[in-house]
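Letter by letter, the chains look like this.
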Amino acid sequence: SVMEEGSYRLFRSLVLDEKRMHTFPTMLPGDRNNSVRGFLTAKCQGTKAWRKVGEFKYKTFRNYAELYPEYDFIFFGDNGQGDLLAA
């Protein structure tokens, strides 16, 4: 998506040009259907509208973490689109 492209441009600059990071962060993809549903129902359901999005993000992260059990992870998110629920 457009937002992810901007983030990866920033990461590329921080790693390759500025040498401020030693590796690229991994951004796990979301689910478009859950996101659209959350957006359309947020006015009526408030934060509950994002529950499916958060559950999907959590499940995706758990699957990713199982691939690399030897690593520790830091989860960055904001207060929207299920990030708080996923964390």
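Keep in mind that this is a model prediction, so the values were computed, not measured.

## Brief notes about the overall build of the protein
Step number 1: Counting its regular elements, the protein contains four helices and zero strands.
Step number 2: Reading the protein from its N end, one meets helices and strands in the order α-α-α-α.
Step number 3: Taking the principal axes of its C-alpha atoms as reference, the protein extends roughly 45 × 30 × 20 Å.
Step number 4: Across the 87 residues of the protein, 18% fall into the buried class.
Step number 5: Counting contacts in the protein only where the partners sit at least 6 residues apart, residues at least 24 apart contribute 38% of the total.
Step number 6: Here the protein has roughly 7,400 Å² of accessible surface; of this, 56% comes from carbon and sulfur atoms.
Step number 7: Here the protein holds 13 positive side-chain charges and 11 negative ones, and the gap between their average locations is 8 Å.

## Focus on helix α3 (residues 51–67)
Step number 1: Its 17 residues give α3 an end-to-end C-alpha distance of 25 Å, which sits within 8% of 24 Å, the value for a rise of 1.5 Å per residue.
Step number 2: Regarding α3, the residues found buried are Val53, Gly54, Thr60, Phe61 and Ala65. The arc enclosing the buried residues of α3, seen along the axis, measures out at 135°, which places them on a common side. Facing away from the buried side of α3 by more than 90 degrees, the exposed set consists of Lys52, Lys59, Glu66 and Leu67.
Step number 3: Along its buried surface, α3 packs onto α2 (32–45) and α4 (83–86).

## So, the pattern of salt bridges
Step number 1: A complete count under the given rule lists two salt bridges for this structure.
Step number 2: A salt bridge links Arg20 to Glu18, with the nearest nitrogen and oxygen atoms 3.2 Å apart.
Step number 3: The closest approach of N and O atoms between Lys57 and Asp83, which form a salt bridge, is 2.4 Å. You can see Lys57 sitting in helix α3 and its partner Asp83 sitting in helix α4, a full 26 residues away along the chain.

Conventions and cut-offs
- The numbering scheme is per chain: residues are counted from 1 as the chain's sequence reads.
- Thresholds applied to this predicted model are a pLDDT of at least 70 for local features of residues and 80 or more for the giving and counting of side-chain atom pairs; totals over whole chains, interfaces and linings are not thresholded and use all residues.
- Derived side-chain values reflect all non-hydrogen atoms in the structure, with water molecules and hydrogen atoms excluded from consideration.
- Strands here mean DSSP runs of E at least two residues long; helices mean DSSP runs of H or I at least four residues long; both are numbered from the N terminus.
- Working definition: with a 1.4 Å probe on protein chains only, accessible area under 20% of the residue-type maximum means buried, over 50% means exposed, and in between means partly exposed.
- Here, two residues are considered to be in contact whenever any of their heavy atoms come within 4.5 Å of each other.
- The protein chains shown are the only cover counted for residues, whose accessible areas, like all others here, come from Shrake-Rupley with a 1.4 Å probe.
- Only four residue types enter the charge count, namely Lys and Arg as positive and Asp and Glu as negative; His and the chain termini do not.
- For this purpose, a charge sits on NZ of Lys, CZ of Arg, CG of Asp or CD of Glu.
- One fewer than the residue count of a helix, multiplied by 1.5 Å, yields its expected span.
- As used here, the arc belongs to the directions running from the helix axis to the C-beta atoms.
- Salt bridge, as applied in this entry: a Lys or Arg side-chain nitrogen positioned within 4 Å of an Asp or Glu carboxyl oxygen.

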